Amino acid sequence: MKATELSISGAWEFVPQQFPDDRGTFLVWYDATAFADALGFTLDVAQANHSVSRRDVVRGVHWADVPPGQGKYVYCPRGAVLDVIVDLRVGSPTFGRHEAVRLDPVEHRALYLVEGLGHAFVSLADDSVLCYLCSTGYNPGREHVVNALDPDLALPLPTDRPLIRSTRDADGPGLAELMAAGRLPSYEQCQQHYRDLRSRHRIR
């Protein structure tokens, strides 16, 4: 499995090796050893999510308070999505920037985002499936949303057709409002959390 860190620190792309034959294809979409070699700590999987989305559904931008936050390893086994990672860590050199990667069952690539980064995606086909391995369980009191259509984010979402969003996501505040209210995660606090993860899960 090939692991590559993206331009936002803590955002990683994992591309598995595929083994096709006359029966079909075999691959490993999550490899704990490859993950630990890349990140320096193991992924504690507290919850595994499975979402199915119509074409043009947008989910996010979501993130959770740090600590403990919620790291996510995401994979698309059916359909296709444009997956977007947003740096919401105030003080980060890449604060406000995003990375967008197509996930589908052709390349079978997966993405990991550390705690403190925001996550969103738009479904590019009907019945697109996204599977998430999450480092913490769902906690509604600690989970938040940034409006994915906030012009300050300038996310690469379709503009030629209506997008389908939940009421919570559509009513979400913008980046500037959240920053002014002091509700975004601190880069310094996130860095300390990552150091704690590496200390607790040090690879021997």
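Everything here concerns the structure above.
Report on the accompanying structure. Keep in mind that what you see is a predicted model, and the values were worked out from it rather than measured.

1. Structural notes on the overall build of the chain
Here is step 1 of the chain: From N to C terminus, the chain includes 4 helices and 13 strands.
Here is step 2 of the chain: The C-alpha atoms of the chain give 17 Å as radius of gyration, which agrees with the globular expectation for 204 residues (17 Å, within 12%).
Here is step 3 of the chain: Referenced to the eigenvectors of the C-alpha coordinate spread, the extents of the chain come out at roughly 55 × 50 × 30 Å.
Here is step 4 of the chain: Scored against the burial criterion, the 204 residues of the chain give a buried share of 49%.
Here is step 5 of the chain: Restricting to contacts in the chain with at least 6 residues of sequence separation, those with at least 24 account for 80%.
Here is step 6 of the chain: For the chain, the accessible surface area stands at approximately 9900 Å², while carbon and sulfur atoms represent 50% of it.
Here is step 7 of the chain: A distance of 2 Å separates the average location of the 21 positive side-chain charges in the chain from that of its 26 negative side-chain charges.

2. Examining the state of the cysteines
Here is step 1 of the chain: Applying the stated criterion to the full structure yields 0 disulfides.
Here is step 2 of the chain: The closest cysteine sulfur to the non-disulfide-bonded Cys190 is located on Cys134, 17 Å from its own sulfur.

3. Describing the sheet that holds strand E6 (residues 58-64)
Here is step 1 of the chain: The strand order across the open sheet formed by 5 strands is E9-E8-E11-E6-E13, and the pairing between neighbours is antiparallel. At either end of the open sheet lies a strand with only one pairing partner, and these are strand E9 (98-103) and strand E13 (143-145). Put simply, the sheet's adjacent strands are angled 25 degrees from each other on average, direction ignored.
Here is step 2 of the chain: Bridge count for E6 against E13 is 3 bridges, and the pairing is antiparallel. Bridging across to E13, His62 finds its partner in Val145.

4. A word on the pattern of salt bridges
Here is step 1 of the chain: With the rule as written, the count across this model stands at 8 salt bridges.
Here is step 2 of the chain: A salt bridge links Arg55 to Asp56, with the shortest nitrogen-to-oxygen separation between them at 3.5 Å.
Here is step 3 of the chain: When salt bridges with common partners are traced through the structure, they connect Arg55, Asp56, Asp160 and Arg161 into a single cluster.

5. Details of helix H4 (residues 187-200)
Here is step 1 of the chain: Taking 1.5 Å of rise per residue, the 14 residues of H4 would be expected to cover 20 Å, and the 20 Å separating its terminal C-alpha atoms lies within 8% of that figure.
Here is step 2 of the chain: Within H4 the residues assigned to the buried category are Cys190, His193, Tyr194 and Leu197. Looking straight down H4, one finds that the buried residues subtend no more than 100 degrees of arc, so they occupy a single side.

Thresholds applied
For every chain, the first residue of the written sequence is number 1, and numbering continues from 1 onward in sequence order. Restriction of local features to residues with pLDDT of at least 70 applies here, the model being predicted, together with a cutoff of 80 or more for giving and counting side-chain atom pairs; totals for whole chains, interfaces and linings are based on all residues. Remark: hydrogens and water are excluded; side-chain values derive from all non-hydrogen atoms of the structure. Secondary structure is summarised from DSSP: a helix means a run of H or I of at least four residues, a strand means a run of E of at least two, and numbering begins at the N terminus for each. Our radius of gyration looks at C-alpha atoms and nothing else; its globule reference is 2.2 Å times the residue count to the power 0.38. When accessible area is computed with a 1.4 Å probe and restricted to protein chains, residues below 20% of their type maximum are described as buried, those above 50% as exposed, and intermediate ones as partly exposed. Whether two residues are in contact is decided by their heavy atoms, any of which lying within 4.5 Å being enough. Surface accessibility follows the Shrake-Rupley procedure with a 1.4 Å probe radius. Residue values consider only the protein chains on display as shielding. Charge assignment: positive for Lys and Arg, negative for Asp and Glu; neither His nor the chain ends contribute. Throughout, a charge is located at the NZ atom of Lys, the CZ atom of Arg, the CG atom of Asp or the CD atom of Glu. The term disulfide is used for any two cysteine sulfur atoms that are within 2.5 Å. Strands were regarded as paired on the criterion that DSSP finds at least two bridges between them. Axis lines are fitted to C-alpha atoms, over the contacting stretch for helices. Their N-to-C directions set the angle, which ranges from 0 to 180 degrees. When a carboxyl oxygen of Asp or Glu lies within 4 Å of a side-chain nitrogen of Lys or Arg, that pair is called a salt bridge. One less than the number of residues in a helix, times 1.5 Å, gives the span that helix is expected to have. Taking the helix axis as origin, the arc is that swept by the directions to the C-beta atoms.

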